[in-house]
Amino acid sequence: MTIMDVSNPHDKFFKEVFSIRENALDFINGAFPAKFKEKILPETLKLDTTSYIDEKLNEYFSDIVYTCSLKAGREMKISLLFEHKSYPVKYPHFQLLRYMLNIWESNIKQNLELQIVVPMIVYHGKSKWQKKGMKDYFKIKDNWFFRFIPDFDYLLTDLSSYTNSQIKDGTFQRAAIEIGLLMQKNIFNEKKLARHLKDFIGIGRLYFKEEEGLKFLESVLRYLFSSTEIGVDDALKSIEMIDGRAKETLMTTAEKLIAQGLEQGLERGTLLDKKEILIKLISKKFGISEKERSFIITV
């Protein structure tokens, strides 16, 4: 039980980070191939607010799509797609193809020229992503049949292949992208995340003095509290070097999440469950030990 039971907190956090144009552009500059960057006009990058996710895709992707123009003058679609499970998808091409078809169908309905779609998967699971080609899914030795398989490529950022230092020191320029990727990379290793949280949050020391930075800090804290058992006290230590507004943001965020988690938990739970929920929420906020919590539950 975390502070708040959030549906797809990884997906939500990714959308909050990558929906900011400057963050997406920084990610493209740091993670996309050089040949790709040579062919686009980065100043034309624009968030596409149309949703291309249908019921089958809703489980998998965050529906982040940017458009930009090629230097040759044609507009193209850039898809930044996020797989938020802790294990690789077995057939990612099939999911991506559905996504691409939705975009092309939208082009057709609007009488637009069909646009190129460049899929990007950002993966942060525990094991390394094993990338395959579409043809590898089919156990066919006769190459003649390959002409009937819609083979295409996608770009991949596997955060397990990055060290924390690589993310922090030069690959990316914006604090929001560095912190966001570091949080996602380490979110499934709670002990490691708790140990480095102060360093990660410290990247945004100057950024958190701005209004945009404070909003981002709230997103980080919501993600932290909804995805881990790291408590408010530990989070507070991680921002002690930042001014009072950041601390105020932390406490306000924690209180909101506790209230929401309590409301949701009480609506769903039995009488015994409700008591457990209350104790866990109070423990999260005030740092009650497991032994003390067990004593309270038996009362």
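Residues numbered from 1 in each chain as written. Predicted model: local features only at pLDDT ≥ 70, side-chain atom pairs only at ≥ 80, totals over all residues. Heavy atoms only, no water.

A. Structural detail: the layout of surface pockets. Estimated volume of the second largest pocket: approximately 180 Å³. Lining of the second largest pocket is provided by H124, G125, K126, L159, S160, K185, N186, F188, N189 and K192. Here the lining of the second largest pocket is built from residues that sort into 2 nonpolar, 5 polar and 3 charged. (1 Å grid on protein atoms, 1.4 Å probe; cavity = no way out; pocket = protein on both sides within 12 Å on 5 of 7 lines; lining within 4 Å. Points joined across faces, edges and corners; volume = space filled by probe spheres on them. Nonpolar A, V, L, I, M, F, W, Y, C, P; charged D, E, K, R; others polar.)

B. Region of the structure containing the confidence of the model for the protein. Summary statistics for the protein give a mean pLDDT of 80 and a share of 75% for residues scoring 70 or more. The element-level mean pLDDT for the protein is lowest in helix α12 (residues 290-298), coming to 47, with helix α6 (residues 175-186) highest at 96. Here residues 1-6 is a poorly scored stretch, pLDDT under 50, and it has 27 contacts once near neighbours within four places are set aside; other chains count. In the model, residues 266-275 has pLDDT below 50 throughout and makes 7 contacts with residues more than four positions away in sequence or in other chains. (pLDDT = per-residue confidence, 0-100. Helix = DSSP H or I, 4+ residues; strand = E, 2+ residues; numbered from the N terminus. Contact = heavy atoms within 4.5 Å.)

C. Main features of the packing of aromatic side chains. Tallied over the entire structure, the rule returns 17 aromatic pairs. With a centroid separation of 5.9 Å and 45° between ring planes, the pair formed by Y207 and F216 is classed as tilted. Pair check on accessibility: Y207 and F216 agree, each one buried. Ring pairing ties together the aromatic residues F14, F18, F27, F32, F36, Y162 and F172, which thus form one cluster. Here the guanidinium or amino end of K131 rests over the ring plane of Y154, the centre of that ring lying 4.6 Å away. (Phe/Tyr/Trp six-rings, centres within 6.5 Å; stacked < 30°, edge-to-face > 60°. Buried < 20%, exposed > 50% of the residue type's maximum accessible area, 1.4 Å probe, protein only. Lys NZ or Arg CZ within 6 Å of the ring centre and 35° of its normal.)

D. Here's a closer look at the packing of helix α1 (residues 9-18) against helix α8 (residues 211-227). In the contact formed by α1 and α8, the axes pass within 10 Å of each other and the chain directions differ by 170°. Judged by the angle between their axes, α1 and α8 are roughly antiparallel. Residues P9, H10, K12, F13, E16 and V17 of α1 form the contact with α8, whose own contacting residues are F216, S219, V220, R222, Y223, S226 and S227. Across the contact of α1 with α8, the residue classes tally to 6 nonpolar, 4 polar and 3 charged. (Axes fitted to C-alpha atoms, helices over the stretch in contact; angles between N-to-C directions. Parallel < 35°, antiparallel > 145°, perpendicular 65-115°, else oblique.)

E. Summary view of α6. In this model α6 runs 16 Å from its N-terminal to its C-terminal C-alpha over 12 residues, within 8% of the 16 Å that 1.5 Å per residue would give. Along α6, 11 of the 12 residues are buried, which leaves the element largely enclosed by surrounding structure. All buried positions along α6 are accounted for by A175, A176, I177, E178, I179, G180, L181, L182, M183, Q184 and N186. (Expected span 1.5 Å × (residues − 1).)

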